[in-house]
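Structural overview
For reference, the chains in residue letters:
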Amino acid sequence: MSLNRYNPVAKVARALCRRRCGTNAASVGMIGRVACGAHWEQAIRNDERVAVEHDLPPAPQDPDLIDDIAVEAAMTGKPVSLTRAEQREAARRLQADGLSLNVIAMRLRLSHAVLTAILASADGTDRDVSVLATANAFHAECAASTLAAVA
Ligand SMILES: [Zn+2]
């Protein structure tokens, strides 16, 4: 990019130079009739800094955001780290596939208690009850302790 008035940072360089060098700019030596070398440099550096700042990592992720790829990997038994919302999603999908809680717990590498708690922490109350009922039939002791923990 040439150092002339068509440069993207020309306006910034010109403003900087006018403010700092003022009429002295001409004697310092203008480049492209826009700004002195020092202020061109400052404008370009400022621009790079802004670009770097805009490249910073995005804001922290929504904890309820579901990473589909991670969920699908977990559903096949791969050891991926999931958020609680993703664990719930994976458990629900496996349940929808007709898998037993036993198998789901193994797939997701969760204990029965944790799995039932995750499924029970859903928003739909009716669903929670049926899930806990299933868990109860499957592993009475485990579900009982989960119910106690949830209540
Ligand atoms: Zn200047």
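Here the structure is shown first, and the text comes after it.
Rules used throughout
Residues numbered from 1 in each chain as written. Predicted model: local features only at pLDDT ≥ 70, side-chain atom pairs only at ≥ 80, totals over all residues. Helix = DSSP H or I, 4+ residues; strand = E, 2+ residues; numbered from the N terminus. Buried ≥ 20, exposed ≤ 12 C-beta atoms within 10 Å, placed from the backbone. Contact = placed C-beta atoms within 7 Å. Axes fitted to C-alpha atoms, helices over the stretch in contact; angles between N-to-C directions. Parallel < 35°, antiparallel > 145°, perpendicular 65-115°, else oblique. Left-handed = near helix turned anticlockwise from the far one by under 90°. Nonpolar A, V, L, I, M, F, W, Y, C, P; charged D, E, K, R; others polar. Core = buried A, V, L, I, M, F, W, Y, C linked by C-beta atoms within 7 Å.

1. Regarding the overall build of the chain
When you go through the chain residue by residue, the secondary structure sums to nine helices and two strands. Starting at the N terminus and ending at the C terminus, the chain contains elements arranged as α-α-β-β-α-α-α-α-α-α-α. Counting all 151 residues of the chain, 27% fall into the buried class. Considering only contacts in the chain between residues 6 or more positions apart, those separated by 24 or more positions represent 41%.

2. Thoughts on the packing of helix α4 (residues 68–75) against helix α5 (residues 84–96)
Packing of α4 against α5 leaves a shortest axis separation of 9 Å and a crossing angle of 55°. In terms of orientation, α4 and α5 fall into the oblique class. In this structure, α4 crosses over α5, and the sense of that crossing is right-handed. On the side of α4, the interface is formed by A70, V71, A74 and M75, while α5 contributes E86, E89, A90, R93 and L94. Looking at the contact of α4 with α5, its residues break down into six nonpolar, no polar and three charged.

3. Re the environment of Q95
Of note, Q95 is situated in helix α5. Between the C-alpha atom of Q95 and that of L119, which follows or precedes it by 24 residues, the distance is 10.0 Å.

4. Notes on the nonpolar core
Note on soluble globular proteins: their nonpolar side chains tend to be buried together. Counting 16 residues, the largest nonpolar core has A90, A91, I104, A105, L108 and L115 as its most contacted members. Elements with a minimum of two residues in this core: α4, α5, α6 (101–107) and α7 (112–120). For this core, the element with the most residues is α7, which contributes five residues. Dropping the residues within four chain positions of it, A105 is found in contact with L110, S111, H112 and L115. Judged by nonpolar contacts, the second largest core, of 13 residues, contains V9, A13, L16 and W40.

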